[in-house]
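So the chains spell out like this:
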Amino acid sequence: MNDASPLSHFGIGVTFEDADVVVAAIGEVDIVTATDLGDIVNAVIDGGHSSVVLDLSRCTSLDASGLAVISTGAHRLRLLPLGGTLTLRSPSALVVRILAITGLDQVVTIDEQMAPTTQLGREQSTGGMAAGNGFDAEMGERPLREAHSPDTEAHSLREVTAIAADHDVVDGALRLVVALARATVEGADGVSVSLERHGSLATVAASDQTILDMDADQYATGEGPCVDASIKGRWFHVESLDDETRWPAFVPKARTLGINAILSNPLLVGERPVGALNIYSNTPSAFEVKDERLAALFATEASTILADSGATVSDGHLASRLVGALRSREVISQAQGILMERDGVSADGAFTYFLECSRGSNRSIRDLAEELVAFARGPERADSETIWTRDD
Amino acid sequence: MTSSARSDLEQGRIDAGLTLGELFVRYFELGGMSSPIQVEAFLYEALEPSAHDHDIVAHALNERFVELGGNHPIRYATDALDG
């Protein structure tokens, strides 16, 4: 197993424990290293192993790309003919919270085999990137002592809320928006949320270090689409920095970092601009009209989170709302994928099929989707009255 | 024909007792990709939704009516086409 300096190296170790295959991620899981980690997890599953443990006890940070590895691995295992499980060993408290907010805690098992106090101590000692870079760096010294269960989710979230400052929960939700935007907008190489705090702009969520540097360059020069969107409340689509003349101090710095296209949408509370959602690409003209629409949608979601936060964060309403909405979307999307593969229909066709089933049965599409996903995992696990038995 | 179907959407929202925000969350949960402002524009006929978008909004309303004891009173785009 490789040992690694947590800041500059990444290593993966694979060991066998009885029927489990343990994949240990050592160091930072980010957009670069997550590819290797995903390849290993996929190879283990392809090799016929159905019980996989992802050991995060020596992982120093985990960003949206790492979450994607967890999500993909967990869903692949659940869809195996005899079912499978992905267990996360010793994730930090903040990772556990993000899993809960995204609904991923429904598809993985949490194993607190090793108290993560040492992990948190190392996070603090790595220094520098405590805010915004990854999900893993700022939770402080709070080891989770018991496994997270869906039934205790609301309680756990309230518990976390009580310990962290309110804005910490909001930042967690904004990181979720960043992760979703990064995964959804084609051509996006990085995403961030800038917010006005204490009279100046700060990045509260970013997908990687380059994006943090991009934002920092804009704050330092006092110009750029992120700054203008945050102050003027207008949206900007910079198709290519090659022809851009509006921000002479900022543009050369962005080009040095390899950025070439930018979408910045203002975050509005009431009518007042309070920050911006920024999506960056290394490729000129990477963003199309559909990406502009998605960016506006995510900016609206982030604005809603901010607008809601003052009144409702303390009672967990915000977290519950996000958990419910995102879980529904995810399960319906999974079920659409299953129908598309099984019956060769389009995404819209799959939705229409669900709609007709819902209409005929007076059951919600979410219920039907959950049942189909359970059925796909193994007919014996589904309700005996399931409507998803194949005719052929 | 589609125009009257869209008017049904706004009347349905009012009858279902949903705020625009509540309807948007239901639309979002079902996988809708339009923004809240666009959904509002669908209701007020300022934008014409695709048949798929129309049916997601219609179904979000119908699921609310089912919760209230009703049975899918809002017509879908395919119903409007069938006449």
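Within each chain, residues carry numbers counting from 1 in the order of the written sequence. Written order decides the labels, with chains lettered from A and ligands numbered from 1. Reporting of local features is limited, given that this is a predicted model, to residues whose pLDDT is at least 70; pairs of side-chain atoms are given and counted only at 80 or more, and all residues count toward the totals for whole chains, interfaces and linings.

J.: Would you explain the pairing of strand β3 (residues 51-55) of chain A in this entry?
T.: Within a regular beta strand, the side chains point alternately toward one face of the sheet and then the other, so they alternate between its two faces. Residues and elements named next belong to chain A. Where burial is concerned, most of β3 is hidden: 4 out of the 5 residues are buried. Any two strands with at least two DSSP-identified bridges between them are counted as paired. Here a helix means four or more residues in a row that DSSP labels H or I, a strand means two or more in a row labelled E, and each is numbered from the N terminus. As defined by bridge partners, strand β2 (residues 20-29) adjoins β3 across 4 bridges and the pair is classed as parallel. Across the sheet, Val22 pairs through a bridge with Val53, a residue of β3. For the crossover from β2 across helix α1 (residues 33-46) to β3, the handedness is right-handed. As paired strands, β3 and strand β5 (residues 85-89) are joined by 5 bridges and run parallel to one another. Considered in β5, the bridge of Asp55 is made with Arg89. To sort residues by burial, count the other C-beta atoms lying within 10 Å of each one's C-beta; a count of 20 or more means buried, 12 or fewer means exposed, and anything in between means partly exposed. C-beta atoms are built from the backbone. We call a crossover right-handed when, viewed with both strands directed away from the observer, the connection leading from the first strand over the helix to the second proceeds clockwise.

J.: Is there a simple way to think about the interface of chain A and chain B in this case?
T.: A common way to state how big an interface is: give the accessible area lost once the parts meet. By the convention adopted here, residues make contact when the C-beta atoms placed from their backbones lie within 7 Å. Counting residues at the interface gives 17 residues for chain A and 15 residues for chain B. Mapped onto the side of chain A that touches chain B, the elements with two or more residues apiece are α10 (289-312), α11 (317-343) and α12 (347-361) of chain A. In this classification, Asp, Glu, Lys and Arg are treated as charged, Ala, Val, Leu, Ile, Met, Phe, Trp, Tyr, Cys and Pro as nonpolar, and every other residue, Gly included, as polar. For the side of chain A that touches chain B, the per-class residue count stands at 7 nonpolar, 6 polar and 4 charged.

J.: Is there a simple way to explain unusual backbone geometry in this structure?
T.: Negative phi characterises most residues that are not glycine, and trans characterises most peptide bonds. With a phi angle near 55 degrees, A:Ser285 is a residue other than glycine that sits in the positive phi range. The backbone of B:His72 sits at a positive phi, close to 50 degrees, despite the residue not being glycine.

J.: Please clarify how the nonpolar core should be interpreted in this entry.
T.: Note that soluble globular proteins tend to have their nonpolar side chains buried in a common cluster. Core membership is restricted to buried Ala, Val, Leu, Ile, Met, Phe, Trp, Tyr and Cys residues, and these are joined into a nonpolar core through C-beta atoms within 7 Å. Residues A:Leu174, A:Val177, A:Ala181 and A:Phe298 are the most contacted members of the largest nonpolar core, which totals 82 residues. For this core, the element with the most residues is helix α6 (residues 166-184) of chain A, which contributes 9 residues. When residues of this core are assigned to domains, at least three map to each of domain 1 (10-164) and domain 2 (167-315) of chain A. For A:Ala181, the residues in contact, after removing those within four places along its chain, are A:Ala188, A:Val191, A:Leu277, A:Ile279 and A:Phe298. Ranked by size, the runner-up nonpolar core spans 34 residues in total, among them A:Ile332, A:Ala350, B:Leu9 and B:Ile56. Start and end points for every domain follow an automatic or database-based domain assignment.

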